[in-house]
Amino acid sequence: MQLNVFEREIQKTKVFSNHWQFTDDPKLVSFRELVPEILSTTYLTHSIYYYPAKFIPQVVRFCINEYTQKNDWIIDPFAGSGTVGLEAIISGRNAILTDLNFLLNHIIPIKIPTQKEKLTTTKLKKRLDYIFEYKSSFTPNWSNLNYWYPIAILEVLQKLWAGQKSFEQDLYAQIIQSILIKVSKQFSYAEHKAPKLFISKTKREYIENLLKRDWQSELKNIVYESSFETLITVNQFINTNIDKQNQVKFYGGVDSSTFQHPDDLETSCMLTSPPYLQAQEYIRTFKLDLFWLGYDENQVKALSKLEIPYRKATRWIETETLNKVRIGLEREDLKEMLNSYFCHTINALENASKNLKAGGKACIFVGNPKVDGIEVETWKVLLEYFTDKNFNLNAIFEDQIKTRQLFKARKNKNPDGMKSEFLLVIEKR
Ligand SMILES: C[S@@+](CC[C@H](N)C(=O)[O-])C[C@H]1O[C@@H](n2cnc3c(N)ncnc32)[C@H](O)[C@@H]1O
């Protein structure tokens, strides 16, 4: 398809047959205030794994309370760290989660444990003692590995990971895995206070100084202490009387635009936050973690190629708002990114909403990023597109960003030029 031919057409004056006119302004809200029963965004097991641009649980809880009933099925095609899964199970709903990142498959078993018996510190300590005595090594399948570590640290991490992989992958193993993920970045040259995988000068100095100290004891203390803390959090979850009749199905490492859901699946709600337009590349961000977890270079490369919006558009999405942005953009690479973003984001949303019952809601949480100084009103583009298909508008909420922490090191009031985030709620006809 010749995208620039279409573009010339638009510039000529395009008349839209089913032009949708937006009259109501988004309703200004604060989801934190609307859901005061959630006191902290990191409560229970929400914070075991770090993930960039996580949902705040209040938004998810609000949608679950407003738009679903007990035992309903909720789908999230951009599940990331599984916030929707945890909030669904706490609220007595079922969830189906898909995400390109394999990490989802490692996060959910510990974030939403299914076992009923509490964990013991004695058992965890035994496992930890075992991995610190382990003699064999695990070598990640990554040609670049030595670039990220001084050899002495690498050798120790390789033994710890080999030990962790040697035992049954139960909850104890998953606790240790979550901590090894953290220390494998902290004890590398990679800047661990930023999501992007890169080596900074300060981090290199930090590691050089660390090597002059008793770093082995420091590493050991961190692993033991953090593992015990995580055990307490996991036990808190096990202690809550969450009805384990409900289920969370999860599929990490899949492209949500083509993932095949069973025909008999009926969902009541799609609740999701797509990637940001010019966001961090998730797969690149998690490279180090994925290689330690045992994925190989080919698997990681194959995933990167499917990431939104870092892949080619396969169709041309037209809406009034999107076309206006296109006309304003001069740079070809940015136009391509915009086309790819809306093509694949919409493909994934359409695929995930196929099984939505009539009257079911799609709750889509997005920002309005700026591209080359031009604001892209994402919610408007999605609204124009979906009301042209088989959805009606239900509500639009605007939550002004106060201290949403997109990335650990960037307590950022206005990330990527965004001042607000929007929750678009549309209803299937
Ligand atoms: C904003 S994050 C979602 C975070 C999630 N709401 C949470 O609370 O953790 C967007 C997600 O989209 C995923 N993604 C990007 N391209 C994808 C694709 N083609 N199929 C499925 N997921 C994709 C990324 O891996 C990332 O986890």
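Everything below is about the structure printed above this text.
Read on for an overview of the structure. These numbers come from a predicted model, not from an experiment.

1. Comments concerning the overall build of the chain
- From N to C terminus, the chain includes 17 helices and 12 strands.
- Put simply, the chain has 429 residues, and 57% of those count as buried.
- Intrachain contacts of the chain at a sequence separation of at least 6 include 79% that bridge at least 24 residues.
- Of the roughly 19500 Å² that the chain leaves accessible, carbon and sulfur atoms contribute 47%.

2. Comments concerning the pairing of strand β9 (residues 391-400)
- For strand β1 (residues 27-29) and β9, the ladder comprises three bridges, and the chain directions are parallel. In the strand pairing of β9, Lys-27 is matched with Phe-397.

3. Concerning the environment of Val-425
- Along the chain, the position of Val-425 falls in strand β12 (residues 420-428).
- Sequence separation between Val-425 and Phe-365 is 60 residues; the distance between their C-alpha atoms is 8.8 Å.
- Those residues in contact with Val-425 that lie beyond four places of it in its chain are Tyr-67, Lys-361, Ala-362, Cys-363, Asn-392, Leu-393, Asn-394, Ala-395 and Phe-397.

4. Quick word on the sheet that holds β1
- Taken in spatial order, the eight strands of this open sheet run β1-β9-β12-β6-β5-β2-β3-β4, and their pairing is mixed. Whereas interior strands pair on both sides, the edge strands pair on one side only; in this sheet they are β1 and β4 (248-252). Across the sheet, the axes of successive neighbouring strands diverge by a mean angle of 20°, strand direction being ignored.
- Of the pairings in the sheet, the one linking strand β2 (residues 73-76) to strand β5 (residues 267-272) comprises two bridges and is parallel in character. For Ile-75, the partnering residue across the bridge sits in β5 and is Met-270.
- Packing of helix α17 (residues 378-388) onto the sheet brings it into contact with β6 (356-367), β9 and β12, and relative to β9 it is tilted by some 170°.

5. Regarding the packing of helix α15 (residues 320-328) against helix α16 (residues 332-353)
- Where α15 meets α16, the axes come as close as 10 Å, and the angle between the chain directions of the two elements is 165°. It follows from the interaxial angle that α15 and α16 lie roughly antiparallel. Seen along the crossing, α15 lies across α16 with a hand that is right-handed. Judged by residue contacts, Leu-322, Val-325 and Arg-326 of α15 engage Lys-335, Leu-338, Asn-339 and Phe-342 from α16.

6. Some details on the site of the ligand
- The full set close to the ligand counts 24 residues, and Tyr-51, Phe-55, Ser-81, Thr-83 and Asp-99 are the nearest of them.
- Separating an oxygen atom of the ligand from a side-chain N or O atom of Ser-81 is a distance of 2.7 Å.
- In this structure, Ser-273 approaches the ligand through a side-chain N or O atom, which is 3.0 Å from a nitrogen atom.
- Protein chains bury 100% of the 600 Å² of accessible surface belonging to the ligand in isolation.

7. Regarding the packing of aromatic side chains
- For the structure on display, the rule yields 24 aromatic pairs.
- Summarising the aromatic geometry, the rings of Phe-62 and Phe-397 are spaced 5.3 Å apart at their centres and angled 80° between planes, so their arrangement reads as edge-to-face. With a gap of 335 residues between them, Phe-62 in helix α3 (residues 57-67) and Phe-397 in strand β9 connect regions that are remote in the sequence. Comparing Phe-62 with Phe-397, the two get one shared label, buried.
- Taken together, the aromatic side chains of Phe-31, Phe-55, Phe-62, Tyr-67, Phe-365 and Phe-397 make up a single cluster linked through ring pairs.

Cut-offs used in this document
Residues numbered from 1 in each chain as written. Predicted model: local features only at pLDDT ≥ 70, side-chain atom pairs only at ≥ 80, totals over all residues. Heavy atoms only, no water. Helix = DSSP H or I, 4+ residues; strand = E, 2+ residues; numbered from the N terminus. Buried < 20%, exposed > 50% of the residue type's maximum accessible area, 1.4 Å probe, protein only. Contact = heavy atoms within 4.5 Å. Areas by Shrake-Rupley, 256 points an atom, 1.4 Å probe, with all protein chains shown as cover. Pairing = 2+ DSSP bridges. Axes fitted to C-alpha atoms, helices over the stretch in contact; angles between N-to-C directions. Parallel < 35°, antiparallel > 145°, perpendicular 65-115°, else oblique. Left-handed = near helix turned anticlockwise from the far one by under 90°. Near = heavy atom within 4 Å. Polar contact = N/O pair within 3.5 Å; in protein donor to acceptor, adjacent residues only side chain to side chain. Phe/Tyr/Trp six-rings, centres within 6.5 Å; stacked < 30°, edge-to-face > 60°.

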